[in-house]
Each structure stands twice: as C-alpha cells, then as structure tokens.
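# Chains, contacts and geometry: an overview
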Amino acid sequence: MEAVSDSQRRQAHVLAGAFVEALDLRDPVALQRDWAMPPALAGEICDMVDSYFTPRQRLSLAPLAQAFLPGKGGRPSVDVYATDAGSLGMECQLLADGQPGEAILHLEMSGHEGAWRLTYKYIGS
C-alpha cells in the first residue's frame, strides 16, 4: 500500500465535507440526487444521523487546518488511509455545532487524482 499524499488528503476532506453538508440537511431526496444513493439507503442514513444528533445541531467536519492533526487518543478527526483494494478509506469524526460528537462517518474514495468518487460505508461510534 502506498502512503496517502497531502493532495489526496485535501481532496478527501473536500469530498467528505460536501457529503457532510448533505447530511446536515437531513434530506434523503438530496442524498439520492447528489450522491446517487438508493432511496432506502438515503433514508437509513438520515435515521442514523437523527439517532446521534438533534435536528437543530449543525453537522460539519473539522476544518482542514486541524482535520489531520492527532486529537484525543492520538487519532486525527479525519483519518485517510490506503486500503488493500487500492481505494482510500476515511474515518471522519462528525462535529455537532463545532464540537466533536461520538459519531464516526466511514467513507471510501476510489478513482484517481481529480476524478475521485466517494462512497458511504456506515456511521458508527
């Protein structure tokens, strides 16, 4: 496995940030339209978000300047890593109103520089 470059980390942060903005809307139709998700999956994601956060809490990622710095327990808020399959895995701590929450968003990026595709995996804690 190759090391993840700074450029790949920045691209991953941009894509994940756009996905989290869609999650913040808690709108399954927007997830279907903008992220090509089946209706059942989009609804499930919104239910998961609602199980962790109140509807008024604004969801976001850590800003790029802090996203990849080690936090509590030595883990960064956004962790991007190479997988055996050649894609990039991501674990993103979701922030609620700018404060770290317990929910971790798991994503995968596949493709290559400039043509990455983001895939939702799951939300866990």
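These lines cover the structure that appears in this document, whether it is placed above or below. A quick note: this is a predicted structure, and the numbers were derived from the prediction, not measured.

A few words now on the overall build of the protein chain. The helix and strand inventory of the protein chain stands at 4 helices and 5 strands. Shown N-terminal to C-terminal, the secondary structure of the protein chain runs as helices and strands in the order α-α-α-β-α-β-β-β-β. What you see for the protein chain is a C-alpha radius of gyration of 14 Å, in line with the 14 Å of a compact globule of 125 residues. For the protein chain, the spread of C-alpha atoms along the three principal axes comes to 40 × 30 × 20 Å. Counted over contacts in the protein chain with a minimum sequence separation of 6, partners at least 24 positions apart contribute 46%. Just so you have it, the protein chain exposes about 7000 Å², and 52% of that area is on carbon and sulfur atoms.

So, about the nonpolar core. Counting residues in hydrophobic clusters, the biggest one holds 35 residues, and the most contacted among them are Phe19, Leu31, Ile45, Met90, Leu105 and Leu107. Each residue touching Leu105, except ones within four places of it in the same chain, is listed here: Phe19, Val20, Leu23, Met90, Glu91, Cys92, Leu94, Tyr120, Tyr122 and Ile123.

Attention now moves to the packing of aromatic side chains. Scanning all chains against the criterion turns up 3 aromatic pairs. Ring centres 5.2 Å apart and planes at 85° place the aromatic pair Phe19 and Trp35 in the edge-to-face group. On the criterion of sequence distance, the pair formed by Phe19 in helix 1 (residues 6-25) and Trp35 in helix 2 (residues 28-35) is long-range, its members being 16 residues apart. For Phe19, a relative accessible area of 1% corresponds to the buried category. Overall, Trp35 belongs to the partly exposed group, its relative accessible area being 21%. Within the aromatic cluster, the residues linked to one another by ring pairs are Phe19, Trp35 and Tyr120.

Criteria and cut-off values
Residues numbered from 1 in each chain as written. Predicted model: local features only at pLDDT ≥ 70, side-chain atom pairs only at ≥ 80, totals over all residues. Heavy atoms only, no water. Helix = DSSP H or I, 4+ residues; strand = E, 2+ residues; numbered from the N terminus. Rg over C-alpha atoms; globule rule 2.2 N^0.38 Å. Contact = heavy atoms within 4.5 Å. Areas by Shrake-Rupley, 256 points an atom, 1.4 Å probe, with all protein chains shown as cover. Core = buried A, V, L, I, M, F, W, Y, C linked by side-chain atoms within 4.5 Å. Buried < 20%, exposed > 50% of the residue type's maximum accessible area, 1.4 Å probe, protein only. Phe/Tyr/Trp six-rings, centres within 6.5 Å; stacked < 30°, edge-to-face > 60°.

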